[in-house]
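Commentary on secondary and tertiary structure
Listed here are the chains, written in short residue letters.
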Amino acid sequence: MNMQEKSVYDLFLSKYGSFTLIQKAAMPVVESGSDCLIIAATGSGKTEAAVLPVLNRLRLGKKQGINVIYITPLRALNRDLLKRLEWLAKETGVEIAVRHGDTTQTERQKQAANPPTFLITTPESLQNLFLSKRLRSALSSVSTVIVDEVHELFSNKRGTQLAVALER
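The shown structure was predicted, so the numbers you read here are calculated from the model rather than taken from an experiment.

**Observations regarding the overall build of the chain**
In terms of helices and strands, the chain carries eight helices and four strands. A compact globule built from 168 residues would reach a C-alpha radius of gyration of about 15 Å, and the chain, at 16 Å, matches this within 12%. Seen through its principal axes, the chain has C-alpha atoms that stretch 40 × 35 × 25 Å. In the chain, which comprises 168 residues, the proportion classed as buried is 44%. Per element, the accessible surface of the chain, about 9400 Å² overall, is 53% carbon and sulfur.

**Some thoughts on the packing of aromatic side chains**
If you walk through the whole model with that rule in mind, you get four aromatic pairs. Note on Y9 and F19: the rings are 6.3 Å apart at their centroids and 80 degrees apart in plane angle, and the pair reads as edge-to-face. A residue pair is termed long-range when its members are at least 10 positions apart, and Y9 in helix α1 (residues 8-16) and F19 in the loop between α1 and α2 (21-32) qualify at 10 residues. In this pair, the class of Y9 matches that of F19, namely buried. Ring geometry for F12 and Y16: centres 4.7 Å apart, planes at 35 degrees, overall tilted. Within this pair, F12 and its partner Y16 are both found in helix α1, separated by four residues, close to a single helical turn.

**Here we look at a nonpolar patch on the surface**
Together, L37, I39 and V150 make up an exposed nonpolar region whose accessible area comes to about 330 Å². Relative to the assigned elements, I39 resides in the loop between α2 and α3 (46-60). Looking at I39, the relative accessible area reads 68%, which means it is exposed.

**Here we look at α2**
Along α2, the residues classified as buried are I22, Q23, A26, M27 and V30. What you see down the axis of α2 is that its buried residues fit within an arc of 115 degrees, all on one side. Exposed side of α2, more than 90 degrees from the buried face: L21, K24, A25 and S32 are the residues found there. Those residues of α2 that are buried are in contact with α1 and α3.

**Points about the side chain of N56**
Along the chain, the position of N56 falls in helix α3. For N56, a relative accessible area of 10% gives the class buried. Polar contacts involving the side chain of N56 include one to the main-chain amide nitrogen of V8, which spans 3.0 Å. Not counting the four nearest positions on each side in its chain, N56 is found in contact with S7, V8, Y9 and E31.

Cut-off values and rules
- Residues numbered from 1 in each chain as written.
- Predicted model: local features only at pLDDT ≥ 70, side-chain atom pairs only at ≥ 80, totals over all residues.
- Heavy atoms only, no water.
- Helix = DSSP H or I, 4+ residues; strand = E, 2+ residues; numbered from the N terminus.
- Rg over C-alpha atoms; globule rule 2.2 N^0.38 Å.
- Buried < 20%, exposed > 50% of the residue type's maximum accessible area, 1.4 Å probe, protein only.
- Areas by Shrake-Rupley, 256 points an atom, 1.4 Å probe, with all protein chains shown as cover.
- Phe/Tyr/Trp six-rings, centres within 6.5 Å; stacked < 30°, edge-to-face > 60°.
- Patch = residues over 30% accessible without salt bridge, like charges linked within 9 Å, V, L, I, M, F, W, Y side chains within 5 Å.
- Salt bridge = Lys/Arg side-chain N within 4 Å of Asp/Glu carboxyl O.
- Arc of directions from axis to C-beta.
- Contact = heavy atoms within 4.5 Å.
- Polar contact = N/O pair within 3.5 Å; in protein donor to acceptor, adjacent residues only side chain to side chain.

Right, here's the structure in full:
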């Protein structure tokens, strides 16, 4: 069996050995497609609890354009997340990319021409995606939005900006 035939869960287990308690509890809810809020201590595996079911669903069938938007409040967190998820995305054939204020013009053009399936971004950059006709069109296939560190955005103008973008 090659790696693309393995489930995302098998790939994860082959690298990490087991799931954490929060992953065991949250992944079935995420997999069902229900809206959910995952709350647990730092380092408990919340990111993987949210992402593994989504990547597994994408592995089984994805639409043209951006299917998943993962929103974080910080560009540094975006870059760290990309590093964490690149291997798993590559193994499952899911195109993953980051878009924020520091994204080069070359990378922006590449994303506009061939939007990634899984996009990691900030609230501000999400708003900017609506300015590009091609990317705005690519957003029509979004089926999943993950908001990380939501407490950092909850009661400020960035949170309001995110709420407006998600409504769009």
